[in-house]
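A closer look at the structure
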Amino acid sequence: MAHPVQWFIWTVYPYLMLGSFIFGTIIRFAFYPASVTAKSSELLEKRRLMRGSIFFHVGIIMVFFGHIVGIFIPKVWTDALGIPNEVYHMFALVAGGLGGLAALIGMLILTYRRFSDVRVHMTSTLSDLIVNVSLLIIIILGLSATFIVSATQPEFNYRENLSIWGRQLFYFRPNYLLMLNVPLLFKAHVFFGLAIFGFFPYTRLVHAFALPIRYIKRRYLVYRKRPQL
Amino acid sequence: MKIKAQISMVLNLDKCIGCHTCSVTCKNTWTNRPGAEYMWFNNVETKPGVGYPKGWEDEDHYRGGWHLNQKGHLELVAGSKLNKIALGKIFYNPDMPELDDYYEPWTYDYQTLFSPEKKHQPVARAKSQLTGQPMDLKWGPNWDDDLAGSSETMQDDPNIKKIQTEIKTNFEDAFMMYLPRLCEHCLNAPCVSSCPSGAMYKRDEDGIVLVDQEKCRGWRFCMTGCPYKKVYFNWKTNKAEKCTFCYPRIEEGLPTVCSETCVGRIRYIGVILYDADKVRSAAEEPDEQKLYERQLEVFLDPNDPEVVAAAQEAGIHDDMIEAAQNSPIYKMAVEEKIAFPLHPEYRTMPMVWYVPPLSPIMNYFEGKDSIHNPEMIFPAIDEMRIPVDYLASLLTGGNTTVVKAALYKLAMMRLYMRAKTAGKDFDESKLDRVNLTADRATALYRLLAIAKYQDRFVIPKSHKEYAEDTFSEQGTVGYESCDGCGLAGDRQDRFGKKQPQKTSEEIYAESFYGGIWRD
Ligand code: SF4
Ligand code: SF4
């Protein structure tokens, strides 16, 4: 092992974080279901929340699907479909850039709000502050990785190394050597992203799993009955 | 027919003295916790007035309750399910009230009062219970109590806008009443219908509407959905909370805390049997003025043998049926028609009803010829267009005929009892005019004026012995996850460190000084 640190970061660390993600989610929903909430502070401040929250959520959902496509659709597939690399990248840059930009604007507003609005700030927990700042950092890292690297190192194609490594994680054969020549900004983005997965279930972020899909088909009124003997 | 039983309440507004005892006892019982400071499950507002939260009756602004869509079907004013999703309302609820619509809760900086002697008299400044910062008080609960400052705010009362009159605020012409409000435990509850998580529900056995604290995910649609603005959001636990109708007491056959402690003895609790299958079509009545009568049609006669048989069939316990037969609510709402729902035009089928007050009319009338000719009250009721319109806008969706009929009845009952106790003659045929008999007038008088405890509260005990699993409920207190339910502050700082617990002496010293208790 020529690079013990790199080996640790790209082979062991991801599983630590993903393990913590799965473990925490199970524990949280099984033993602390009452603590899962959207943790809204809309009651305390409304105007900035409107802009921030809508921008951020719409942006982050776009970005989320973008990452899924980027990681899970191998290059050979798009090649087979005859989609040229340039077209793919243009599309990824525009869609990802728009989503990322929206998320960034939203997160800037939300972070500013969390620290400057007295009511919101005084009722925030440490975890809320950490979540806010780390989301801001990860978005900035993601955007700069995309734009700075594609400007300075146009020959770098994350689909030839990073994405492959990402898929390998899912069949438990990550080859850390693939990550060695990835530009630092990308590395930092992945590193931080994994960290967010690691603490996701212990923070307010967990509300993403509480998406109330069943409401769409539910009848309006809900009656509950004590089970009778 | 799908029979269900509903625990409901009637408040006799004529006797409410606006003392706020109900609100205070309720608060001490349920919302005396960090995160819940601004919540009043029960509050008493002076009407005309803007109320709590400010202007809650303005549904163009808060968009609560139901309306009919183009096809004439019920739809939440805040938007259909799909509309809420499509417009991303889950990220930001545009119609939700803000803390300032209620008020920012505060306490006073009492510590400075005990500091060493200084040249100037110390003052206890107001400081926010939310942020701990000093506050400049501009609005608070009952800011316009007893019409105080109403020359500034009264014209913002949505009811006044609706009846399109200038209400005079000068002392001689003003009228005033108190309106105690709590959750209506609606038959067609829009809060339940708005909740995406399915955390809000109506109890099948008694119709009490509750928020399941385990299931609530804090989406806040219930707050918008409720047109009475009776669901609150706890900023500490980030969950919705609302009036529980004191269900642990109701299950034991005891009245709610607000009713038990009501100084004016104005509150009545009883059971109503209703047909759940009819609720929807009744709520879809196009004419707002008819909604009150349509709601009456939903109620079932508990003395009808067919209804009793069907209720037993549906598994309703005999105690519940018997309570329904002796229900003071049924008597006032259905038999005598002197009680009305609050804002039936919201189409929620509310189940806390009100006996309209004669007092606004009496105030006006008393100075005139009342001693010599008490019967002048009847033309007075007709003459007092504004108070009657106002009451109708509050209680019947604008239908003044039924409100007037109830007021005539109440006035006639008074005249009759006055003559009887004073040993004067009374032409009993006059009772006919308001659809009363001597016996019924006396019974009504006993119920409304004497208001014995056992006549006011006819509440069956719940039959928990038939419930499958009561062991799981052992020792639960309702708001376990509230993080500081008691008086003693175990509030945590941002790093999760518990702030030092106060001893009972400290709490005592803090709450009791100079012979005065404060909360
Ligand atoms: S009054 Fe009570 S039951 Fe009716 S909508 Fe509001 S919270 Fe729900
Ligand atoms: S305690 Fe009774 S009389 Fe006093 S304000 Fe409340 S409802 Fe009215």
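Everything numeric here is computed off the predicted structure, so don't read it as measured data. Counting restarts for each chain, with residues numbered from 1 along the sequence as it is written. Going through the entries in the order they are written, you letter the chains from A and number the ligands from 1. With the structure being a predicted model, the display of local features is reserved for residues of pLDDT at least 70 and the display and counting of side-chain atom pairs for 80 or more, all residues being used for whole-chain, interface and lining totals. With hydrogens and water set aside, each side-chain value is computed from the structure's full complement of heavy atoms.

1. Description of the overall build of chain A
The helix and strand tally for chain A stands at eight helices and one strand. When the elements of chain A are put in sequence order from the N terminus, they spell out α-α-α-α-α-α-α-α-β. With respect to the three principal axes, the spread of C-alpha positions in chain A is 65 × 45 × 40 Å. We call two residues in contact whenever any of their non-hydrogen atoms come within 4.5 Å of each other. Contacts in chain A between residues far apart in sequence, at least 24 positions, make up 81% of those at least 6 positions apart. Helix and strand definitions follow DSSP, with helices as H or I runs of at least four residues and strands as E runs of at least two, each counted in order from the N terminus.

2. Details of the packing of aromatic side chains
Aromatic rings from Phe, Tyr and Trp, with only the six-membered ring used for Trp, were paired whenever their centres fell within 6.5 Å, and each pair was classed as stacked if the ring planes differed by under 30 degrees, edge-to-face if by over 60, and tilted otherwise. Under the definition given, this model contains 30 aromatic pairs over all chains. Considering the side-chain rings of W56(B) and Y228(B), the 6.2 Å spacing of their centres and the 40 degrees angle between planes classify their relative orientation as tilted. Of this pair, W56(B) sits in the loop between β2 (43-47) and α2 (59-62) while Y228(B) sits in the loop between α8 (221-225) and β10 (231-234), and the two are 172 residues apart along the sequence. Members of the aromatic cluster, each reached through a chain of ring pairs, are Y38(B), F41(B), Y52(B), Y102(B), Y103(B), W106(B) and Y232(B). By definition, being over a ring means that NZ of Lys or CZ of Arg is both within 6 Å of the ring centre and within 35 degrees of the ring normal. Above the face of the Y201(B) ring, R224(A) is positioned so that its terminal group lies 4.1 Å from the ring centre. The ring of Y223(A) carries K4(B) above its face, with NZ or CZ at 4.3 Å from the centroid.

3. Comments concerning the site of ligand 1
The near set for a molecule or strand comprises every residue that places at least one heavy atom within 4 Å of it. Taken together, C183(B), E184(B), H185(B), C186(B), A189(B), P190(B), C191(B), V209(B), C226(B), Y228(B), V231(B) and K242(B) make up the full set of residues near ligand 1. Amino acids are sorted into nonpolar (Ala, Val, Leu, Ile, Met, Phe, Trp, Tyr, Cys and Pro), charged (Asp, Glu, Lys and Arg) and polar (every other residue, Gly among them). Class assignment of the residues belonging to the shell around ligand 1 gives a composition of nine nonpolar, one polar and two charged.

4. Let's talk about the sheet that holds strand β13 (residues 340-341) of chain B
All names here are of chain B. Each pair of strands is called paired provided DSSP finds at least two bridges between the two strands. The strand order across the open sheet built from four strands is β12-β1-β14-β13, with neighbouring strands paired in mixed fashion. Of all the strands in the sheet, just β12 (267-275) and β13 have a single pairing partner and so form its edges. Of the strand pairs in this sheet, strand β1 (residues 3-12) and β12 are connected by nine bridges, and their pairing is antiparallel. Along β12, the bridge assignment pairs K4 with Y274.

5. Digging into the site of ligand 2
Of all residues adjacent to ligand 2, which total 14 residues, the nearest are C16(B), C19(B), H20(B), C22(B) and C262(B). For the shell around ligand 2, a count of residues per class yields nine nonpolar, four polar and one charged.

6. A closer look at the interface of chain B and chain A
Contact residues are listed per partner, giving 67 residues for chain B and 47 residues for chain A. When two parts are put together, the accessible area they lose, computed with a 1.4 Å probe and summed over both, is reported as buried area. Here chain B and chain A share an interface that buries about 5100 Å² over both sides, 58% of which is from carbon and sulfur atoms. Salt bridges are defined as contacts in which a side-chain nitrogen from Lys or Arg sits within 4 Å of a carboxyl oxygen from Asp or Glu. Salt-bridge contacts for R224(A) lead to D212(B); the nearest nitrogen and oxygen are separated by 2.9 Å. The term polar contact refers here to a pair of N or O atoms within 3.5 Å; inside protein, the definition further demands a hydrogen-donor-capable atom paired with an acceptor-capable atom, and it admits residues adjacent in sequence only when both atoms are side-chain atoms. Linking chain B with chain A are 27 residue pairs in polar contact (both at pLDDT 80 or more). Within the residue set of the side of chain B that touches chain A, elements represented by two or more residues are α3 (81-86), α4 (99-102), α7 (190-194) and β8 (200-203) of chain B.

7. Description of the packing of helix α2 (residues 47-72) of chain A against helix α4 (residues 85-116) of chain A
The relative placement of two packed helices comes down to the angle between their axes together with the axis-to-axis distance. All names here are of chain A. Helix axes are fitted only over the stretch in contact, all axes being lines through C-alpha atoms; the angle between N-to-C directions runs from 0 to 180 degrees. Two elements in contact, α2 and α4, have axes whose closest approach is 7 Å; the angle formed by their N-to-C orientations is 145 degrees. Where α2 crosses over α4, the handedness of that crossing is left-handed. Within the contact of α2 with α4, the residues separate by chemical class into 17 nonpolar, nine polar and three charged. Crossing handedness follows the turn of the near helix against the far one: under a right angle anticlockwise gives a left-handed crossing, and clockwise gives a right-handed one.

8. Here's the deal with the state of the cysteines
A pair of sulfur atoms, both from cysteines and within 2.5 Å, is called a disulfide here. Evaluation of the coordinates by the stated rule reveals zero disulfides over all chains. Summary of cysteine pairing: C243(B) is not part of a disulfide, and the nearest cysteine sulfur, belonging to C183(B), is at 5.1 Å.

9. Thoughts on the pairing of β8(B)
Residue and element names in this part refer to chain B. Any residue under 20% of the maximum accessible area for its type is buried, any over 50% is exposed, and the rest in between are partly exposed; the area is computed with a 1.4 Å probe on protein chains only. Alternating positions in β8 separate into two faces, M200 and K202 on one and Y201 and R203 on the other, with burial throughout. Both β8 and strand β9 (residues 209-211) contribute to a ladder of three bridges, which runs antiparallel. In the sheet register, M200 faces β9, and the bridge partner there is V211. Where β8 folds back on β9, the antiparallel hairpin that results is connected by five residues, among which G207 adopts a positive phi of roughly 75 degrees.

10. Examining the pattern of salt bridges
Using the criterion set out here, one finds 33 salt bridges over all chains in the structure. Notably, a salt bridge pairs R204(A) with D128(A), separated by 3.5 Å at the nearest N-O pair. Residue R204(A) is located in the loop between α8 (184-199) and β1 (223-224), and its partner D128(A) is located in helix α6 (residues 126-152); the two are separated by 76 residues in the primary sequence. Here R204(A) falls in the buried class, since its relative accessible area comes to 16%. Taking relative accessible area as the criterion, D128(A) reaches 3% and is therefore assigned buried. Note that E45(B) is salt-bridged to K47(B), the shortest N-O span being 3.7 Å. Residue classification places E45(B) among the buried positions, given a relative accessible area of 3%.

11. Focus on the nonpolar core
Nonpolar cores are built from buried Ala, Val, Leu, Ile, Met, Phe, Trp, Tyr and Cys residues. Side-chain atoms within 4.5 Å join them into one set. In this structure, L43(A), Y38(B), C191(B), M200(B), F299(B), M332(B) and W353(B) are the most contacted members of the largest nonpolar core, which totals 156 residues. Sort the elements by how many residues they give to this core and helix α19 (residues 400-421) of chain B lands first, with twelve residues. Look past the residues within four positions of W353(B) in its chain and what remains in contact with it is M9(B), V10(B), L11(B), Y292(B), Q295(B), L296(B), F299(B), A333(B), A339(B), F340(B) and P341(B).

12. Focus: the side chain of R119(A)
Position of R119(A) among the secondary structure elements: in helix α5 (residues 118-122). Overall, the relative accessible area of 12% leaves R119(A) in the buried class. Leaving out residues up to four positions away in the same chain, R119(A) has contacts with L44(A), L99(B), D100(B), E104(B), L130(B) and T131(B).

13. Focus on unusual backbone geometry
For the peptide bond that leads from K47(B) to P48(B), omega is -5 degrees, which places it in the cis range. The residue P48(B) is located in the loop between β2 and α2 in this model. Along the chain, Y52(B) connects to P53(B) via a cis peptide bond; the corresponding omega equals -10 degrees. At F172(A), a residue that is not glycine, the phi angle is positive and equals roughly 60 degrees. Note that F172(A) resides in the loop between α7 (162-170) and α8. You can call F172(A) exposed: its relative accessible area is 63%. A positive phi angle, near 55 degrees, is found at M349(B), a position not held by glycine. Along the polypeptide, M349(B) turns up in the loop between β13 and β14 (352-355).

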